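Each chain is listed here by its residues.
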Amino acid sequence: MGDRRRDDYVLTTDAARVDVGRVHRWLCDESYWAAGRDYDVVGRSIEGSLPYSVFHGSEQVAFARIVTDGATFAWICDVFVAADHRGRGLGGWLVDSIVEDLTGRGVARLMLATKDAHDVYRRVGFTGLEGADRFMELDRRPTRAAILGQA
């Protein structure tokens, strides 16, 4: 999972390069799914995941993290592209790279959740969840209603 280059952008899995402060601002202030998330929680979530970052020069402009056992299952989450870099295919490139890397490691099941970016993920090969009635959750997030569009 080495660095990849495209135009003036670099995609890396180097956890040491993640700008935790910037990622925290994106998630806490600009995302619907992690609104108000504490800095410490963002930091711990990155430490416990495989982070992917896209840089334009020295500036981090996109982020995603993967929660996985590295063998059978992976959850792609916290996918975010900075507003001034959207519309350039960075989200698709980021997710496509994640899928390629995990598939190459033999991970056969990848999941994610989205409220508004279905087309991005469909282009990478994701479909609606089959057998959704078999899945259960215990969701204690204080922002759950907003995430589900119920607020």
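Note: the structure precedes this text.
Before going into details, it helps to say that this report is about the structure given with it. (Residues numbered from 1 in each chain as written. Predicted model: local features only at pLDDT ≥ 70, side-chain atom pairs only at ≥ 80, totals over all residues. Heavy atoms only, no water.)

### Description of the packing of aromatic side chains
One pair of aromatic rings is described through two measures. These are the centre distance and the angle between the planes.
Line of reasoning, step 1. By the definition in use, this model includes 3 aromatic pairs.
Line of reasoning, step 2. Centroid distance tyrosine 32 to tryptophan 33: 5.0 Å. Interplanar angle 85°. Geometry classified as edge-to-face.
Line of reasoning, step 3. By relative accessible area, tryptophan 33 is classed as buried at 19%.
Line of reasoning, step 4. Centroid distance tyrosine 121 to phenylalanine 126: 6.2 Å. Interplanar angle 80°. Geometry classified as edge-to-face. Taken as a pair, tyrosine 121 and phenylalanine 126 share a single burial class, namely buried.
Line of reasoning, step 5. Seen from the ring of phenylalanine 55, arginine 17 lies directly overhead, with NZ or CZ sitting 4.1 Å from the centre.
Line of reasoning, step 6. The positively charged end of arginine 86 is found above the aromatic ring belonging to phenylalanine 80, 5.1 Å away from the centroid. (Phe/Tyr/Trp six-rings, centres within 6.5 Å; stacked < 30°, edge-to-face > 60°. Buried < 20%, exposed > 50% of the residue type's maximum accessible area, 1.4 Å probe, protein only. Lys NZ or Arg CZ within 6 Å of the ring centre and 35° of its normal.)

### Here's the deal with a nonpolar patch on the surface
Line of reasoning, step 1. Judged by side-chain polarity, Val67, Phe73 and Trp75 come together as a nonpolar surface patch covering roughly 220 Å² of accessible area.
Line of reasoning, step 2. By secondary structure assignment, the location of valine 67 is in strand β4 (residues 59-68).
Line of reasoning, step 3. On the basis of relative accessible area, valine 67 is assigned to the partly exposed category, the value being 36%. (Patch = residues over 30% accessible without salt bridge, like charges linked within 9 Å, V, L, I, M, F, W, Y side chains within 5 Å. Areas by Shrake-Rupley, 256 points an atom, 1.4 Å probe, with all protein chains shown as cover. Salt bridge = Lys/Arg side-chain N within 4 Å of Asp/Glu carboxyl O. Helix = DSSP H or I, 4+ residues; strand = E, 2+ residues; numbered from the N terminus.)

### Regarding the pairing of strand β5 (residues 73-81)
Line of reasoning, step 1. Buried residues dominate β5, accounting for 7 of its 9 residues.
Line of reasoning, step 2. In this structure, β4 lies alongside β5, joined through 6 bridges in antiparallel fashion. Considered in β5, the bridge of valine 67 is made with tryptophan 75.
Line of reasoning, step 3. With antiparallel pairing between neighbouring strands as the criterion, β4 and β5 make up a hairpin whose turn holds 4 residues, including glycine 70 at a positive phi of roughly 80°.
Line of reasoning, step 4. Relative to strand β6 (residues 109-111), β5 runs parallel, the two sharing 3 bridges. Opposite alanine 74, over in β6, you have leucine 110 as the bridge partner.
Line of reasoning, step 5. What joins β5 to β6 is helix α3 (residues 90-104), and the crossover it makes is right-handed. (Pairing = 2+ DSSP bridges. Right-handed = clockwise from strand over helix to strand, strands pointing away.)

### Looking at helix α2 (residues 39-47)
Line of reasoning, step 1. All buried positions along α2 are accounted for by Val42, Gly43, Ser45 and Ile46. Looking down the long axis of α2, one finds its buried residues gathered within 165° of arc, a one-sided arrangement.
Line of reasoning, step 2. Taken together, the buried residues of α2 touch α1 (20-30), β3 (50-56), β4 and β5. (Arc of directions from axis to C-beta. Contact = heavy atoms within 4.5 Å.)

### Some thoughts on α1
The α-helix winds at 3.6 residues per turn, so residues separated by three or four positions along the chain end up facing the same way.
Line of reasoning, step 1. Along α1, the residues that are buried comprise Gly21, Val23, His24, Trp26, Leu27 and Cys28.
Line of reasoning, step 2. Those residues of α1 that are buried lie in contact with α2, β4 and β5.

### Some remarks on the sheet that holds β3
The pairing of strands in a sheet happens through backbone hydrogen bonds and is either parallel or antiparallel.
Line of reasoning, step 1. With mixed pairing, 6 strands are arranged side by side in an open sheet as β1-β2-β3-β4-β5-β6. Two strands in the sheet have a free side with no partner beyond their single neighbour: β1 (4-6) and β6. Across this sheet, the average inter-strand angle for adjacent strands is 20°, counted without regard to direction.
Line of reasoning, step 2. α1 contacts β4 and β5 of the sheet and is inclined by roughly 80° relative to β4. (Axes fitted to C-alpha atoms, helices over the stretch in contact; angles between N-to-C directions.)

### Overview of the side chain of serine 31
Line of reasoning, step 1. Within the element layout of this structure, serine 31 appears in the loop between α1 and α2.
Line of reasoning, step 2. Sequence-distant contacts of serine 31, that is, excluding residues within four places in its chain, are made with Trp26 and Phe80.

What is shown is where atoms sit, not what they do.
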